[in-house]
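Structure at a glance
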Amino acid sequence: MDTQLLEAGLYIVATPIGNLGDVSRRAITVLSGCAVVACEDTRVTGKLLHHLGIKRPLRRYDDHASDAAREALLGEMTRVPVALVSDAGTPLISDPGYRLVREARARGIAVTTVPGASALIAALTLAGLPTDRFMFAGFLPSKDKARGDVLTQMAAIPATLVFYETGPRLVASLEAMARIMPGREIAVARELTKLHEECRTGTAAELAAHYTAHPPKGEIVLLAGPPGAAEKPGEADVDAELLAALVDLPVSKAAALVAKKHGLDRKALYARAMELKG
């Protein structure tokens, strides 16, 4: 495809997350009009450009890109138009592109966005959870304790929580949610826009049981509905949470953790934790 080049600068171009039919006409025009395409994986982007009939030099730019590689791209975009794409979806969402954009803006280089597909937005539209307020937190940590700490920290946020997750780690994340936010409505959106697209909802425990029996494949968005008044735990639930916390924490910290999570009286929970421990 032979197209006149655009003005020099940086063009942030969203690409399909699965279905190639989701690429926009504007994205095709911009990719055709850029002199260079910066991408996470040249093989992945090369296949997309081949599908679109576009031939352009590719420059690798990902988490492991050196300062010299970023500097070279910045130098190019002062002279010619440079497109930035991710392997799928909108660049800068859980990828390192923001550093390039920040530096380009600091140097007065024109930055243009070409919006399009985004897995987190697609998942929100499917899940049937409240979307008036949501928080995207990228990938949960892979280590059990760190994962639990993040979920505990975020449990009280009055918004739908959105995470990216991988198939091998999904059950562990759901089991952590079952412990930390047992009353929440959870959604698992998987293989979005692809042939086997799936969005399954339920409690974290129900979904953990399902995906233990049916190990998931593909890319996953994990969502948790916001906390609500109906989620206030009963005495048995509080005791269960205290006992779980007491496995790893001293009495005072276990009581404080559960009290903060549910807005309960810390002194009363401390006394109850002492009873349980005794």
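Predicted, not measured: the structure shown is a model, and the values here were computed from it.

So, how was this worked out
- Residues numbered from 1 in each chain as written.
- Predicted model: local features only at pLDDT ≥ 70, side-chain atom pairs only at ≥ 80, totals over all residues.
- Heavy atoms only, no water.
- Buried < 20%, exposed > 50% of the residue type's maximum accessible area, 1.4 Å probe, protein only.
- Helix = DSSP H or I, 4+ residues; strand = E, 2+ residues; numbered from the N terminus.
- Pairing = 2+ DSSP bridges.
- Axes fitted to C-alpha atoms, helices over the stretch in contact; angles between N-to-C directions.
- Contact = heavy atoms within 4.5 Å.
- Core = buried A, V, L, I, M, F, W, Y, C linked by side-chain atoms within 4.5 Å.
- Phe/Tyr/Trp six-rings, centres within 6.5 Å; stacked < 30°, edge-to-face > 60°.

1. Re the pairing of strand β10 (residues 219-224)
Of all the 6 residues making up β10, 5 are buried; the element is thus mostly covered by neighbouring parts of the structure. Where strand β7 (residues 160-166) and β10 come together, 6 bridges link them in antiparallel fashion. When the sheet's bridge partners are listed, L161 is paired in β10 with A224. Relative to β10, strand β8 (residues 186-190) runs antiparallel, the two sharing 5 bridges. Among the inter-strand pairings, A189 is bridged to a residue of β10, identified as V221.

2. Quick word on the sheet that holds β7
Taken together, the 5 strands give an open sheet; going across it, the order is β6-β7-β10-β8-β9, and neighbouring strands pair in mixed fashion. Sheet topology places β6 (134-139) and β9 (198-202) at the edges, where each strand pairs with a single neighbour. For this sheet, the mean inter-axis angle between neighbouring strands, taken without regard to orientation, is 20°. Across the sheet, helix α8 (residues 204-213) touches β8 and β9, and the angle it forms with β9 is around 135°.

3. Describing the nonpolar core
Most often, soluble globular proteins have nonpolar side chains that are buried together. The biggest cluster of nonpolar side chains holds 22 residues, and the ones touching the most others in it are L151, F163, L174, M177, I186, V188 and L222. When residues of this core are traced back to their parent elements, those giving at least two are α6 (144-154), β7, α7 (167-180), β8, α8 and β10. For this core, the element with the highest residue contribution is α7, accounting for 6 residues. Sequence-distant contacts of F163, that is, excluding residues within four places in its chain, are made with A137, G138, L140, L151, M154, M177, I220, V221 and L222. One finds V13, C34, V37 and L52 within the second-largest nonpolar core, a separate group that totals 16 residues.

4. Here's the deal with the packing of aromatic side chains
When we look at a pair of aromatic rings, we describe it by the centre distance and by the angle of the planes. Enumeration according to the criterion identifies 2 aromatic pairs in this entry. Geometrically, the ring pair formed by F136 and Y164 is edge-to-face, given 4.9 Å between the ring centres and 65° between the ring planes. With F136 in strand β6 and Y164 in strand β7, this residue pair connects regions lying 28 residues apart in the sequence. Taking the relative accessible area as the measure of exposure, F136 reaches 26% and is therefore partly exposed. Its relative accessible area of 12% is what places Y164 among the buried residues. Summarising the aromatic geometry, the rings of F139 and Y164 are spaced 5.8 Å apart at their centres and angled 70° between planes, so their arrangement reads as edge-to-face.

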